[in-house]
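What follows is each chain in one-letter form.
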Amino acid sequence: MAAPRSLLGDPVGRVGAMKDEENAAEDDSPIAKRLKSERFPFTRWELVVFVCVFLIFSTGLFCVYLTMPAAQFGKLKLPRTVSDLRMLKDHLAAYAKDYPAQFILGYCSTYIFMQTFMIPGTIFMSLLAGALFGVVRGLALVVLNATAGASSCFFLSKLIGRPLVCRLWPEKLRFFQAEIGKRREKLLNYMLFLRITPSLPNLFINLASPIVDIPFHIFVLATLLGLIPASFITVRAGLALGDLKSVKDLYGFKTLSVLFLIGSVIIIPTLLKRKRIYE
């Protein structure tokens, strides 16, 4: 007589299949890794590192603000519009004049913090530097702080940034890596071109540079020199803050044309080098 067939199928086989599925989910196969990466871009260790670094920076920034007079706390606000910036400039002008060391320390800490953790609004900080310190001192302040913040972002990305960049800009990262590979011998010229022109966002350059193995000394030098033209335009605009209606007015067609012209002159050696190789 034939054995009766269970309506639930083979229970032993079903249990074995379930165990196999559990084991497959726990292993390090490409499918498992892909499923994990789709859930969250950071591992637990990377998230802990990011939180710790953020808390260290935040604590330092808070300690700097504690040195300010109590009357100034209510006036502190990150500007989001040009009108907000005008109000902030009027509030801080007297304080910057009476306590220059404390103000510069607070300004630098805020700028580097925003640049490190990719917080929008550094362009308003650049305008504020021009409005309060003039072109020469304002430009030096902006370029040095932007370079320091970009360097902090570089090292933070080198530590934990690869999953985030690969998740947000996979195509752009592949393009960037291919272009870097073509220009290894004249890498400084290419990085200067990227910094001077708006070909790629500075945020992406800061995060992707350590991932595509750009040497830190080239990154720093290109940042320090390449940010000067655009920073000069922004800082100088801060002198006439009352005439500025919107941040978009800073980079019109004429300004972008000048930046691309400067960048094109810098990248010419790289193009000539490639032409000789092909010949």
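Residues numbered from 1 in each chain as written. Predicted model: local features only at pLDDT ≥ 70, side-chain atom pairs only at ≥ 80, totals over all residues. Heavy atoms only, no water.

Visitor: Looking at this structure, how should I read the overall build of the chain?
Guide: Summing up its helical and strand segments, the chain has 14 helices and zero strands in all. Helices and strands appear in the chain in the N-to-C order α-α-α-α-α-α-α-α-α-α-α-α-α-α. Relative to its full complement of 279 residues, the chain shows a buried share of 37%. (Helix = DSSP H or I, 4+ residues; strand = E, 2+ residues; numbered from the N terminus. Buried < 20%, exposed > 50% of the residue type's maximum accessible area, 1.4 Å probe, protein only.)

Visitor: It is not clear to me how the UniProt feature "transmembrane region" (unreviewed entry) in the chain should be interpreted in this structure. Could you clarify?
Guide: If you check UniProt for "transmembrane region" (unreviewed entry), the listed places come out as residues 47-68, 111-133, 139-157, 218-239 and 251-272 in our numbering. As a span, residues 111-133 carries 78% helix and 0% strand, and end to end its C-alpha atoms are 15 Å apart. (UniProt positions renumbered as here; feature names shortened; annotations may be inferred.)

Visitor: Could you clarify how one ought to interpret unusual backbone geometry in this entry?
Guide: A negative phi angle is the norm for most residues apart from glycine, just as the trans form is the norm for most peptide bonds. Of note, M118 is a non-glycine position whose phi angle comes to about 60°, a positive value. Tracing the sequence through the fold places M118 in the loop between α6 (100-116) and α7 (122-160). Its relative accessible area of 27% is what places M118 among the partly exposed residues. Its identity is not glycine, yet D213 carries a phi of approximately 65°, on the positive side. Summarising the element assignment, D213 is placed in the loop between α11 (202-208) and α12 (216-226). The exposure class assigned to D213 is exposed, which follows from its relative accessible area of 55%.

Visitor: Which parts of the structure should I look at to understand the packing of helix α10 (residues 187-196) against α12?
Guide: For any two helices packed against each other, one specifies the inter-axial angle together with the distance between the axes. Packing of α10 against α12 brings their axes to within 8 Å, and their N-to-C directions diverge by 40°. By the criterion of interaxial angle, the relationship of α10 to α12 is oblique. In this structure, α10 crosses over α12, and the sense of that crossing is right-handed. Of the residues in α12, those touching α10 at L187, L188, M191, L192, R195 and I196 are I218, F219, L221, A222, T223, L225 and G226. Classifying every residue of the contact of α10 with α12 gives ten nonpolar, two polar and one charged. (Axes fitted to C-alpha atoms, helices over the stretch in contact; angles between N-to-C directions. Parallel < 35°, antiparallel > 145°, perpendicular 65-115°, else oblique. Left-handed = near helix turned anticlockwise from the far one by under 90°. Contact = heavy atoms within 4.5 Å. Nonpolar A, V, L, I, M, F, W, Y, C, P; charged D, E, K, R; others polar.)

Visitor: Where do I start with the environment of L141 in this structure?
Guide: Looking at where L141 falls in the secondary structure, it is placed in helix α7. Look at L141 and you get buried, because its relative accessible area is 15%. Discounting residues that sit within four places of it in the chain, L141 has contacts with I104, Y107, C108 and F133.

Visitor: So what exactly am I meant to see when it comes to the packing of aromatic side chains here?
Guide: A full pass over the atoms with the stated rule returns 18 aromatic pairs. Arranged with centres 5.3 Å apart and planes meeting at 35°, the rings of Y95 and Y99 form a pair that is tilted. For Y95, a relative accessible area of 2% translates into the label buried. Residue Y99 is classed as partly exposed on the basis of its relative accessible area, which comes to 38%. Aromatic side chains Y107 and Y111 sit 6.0 Å apart centroid to centroid with 50° between the ring planes, which places their arrangement in the tilted category. Separated by four residues within a single helix, Y107 and Y111 lie in helix α6, roughly one turn from each other. Considered together, Y107 and Y111 belong to a single accessibility category, that of buried residues. Through a chain of ring-to-ring contacts, the aromatic side chains of Y95, Y99, F103, Y107, Y111 and F133 assemble into a single cluster. Sitting over the face of the ring of Y190, R183 holds its NZ or CZ atom 4.7 Å from the ring centroid. (Phe/Tyr/Trp six-rings, centres within 6.5 Å; stacked < 30°, edge-to-face > 60°. Lys NZ or Arg CZ within 6 Å of the ring centre and 35° of its normal.)

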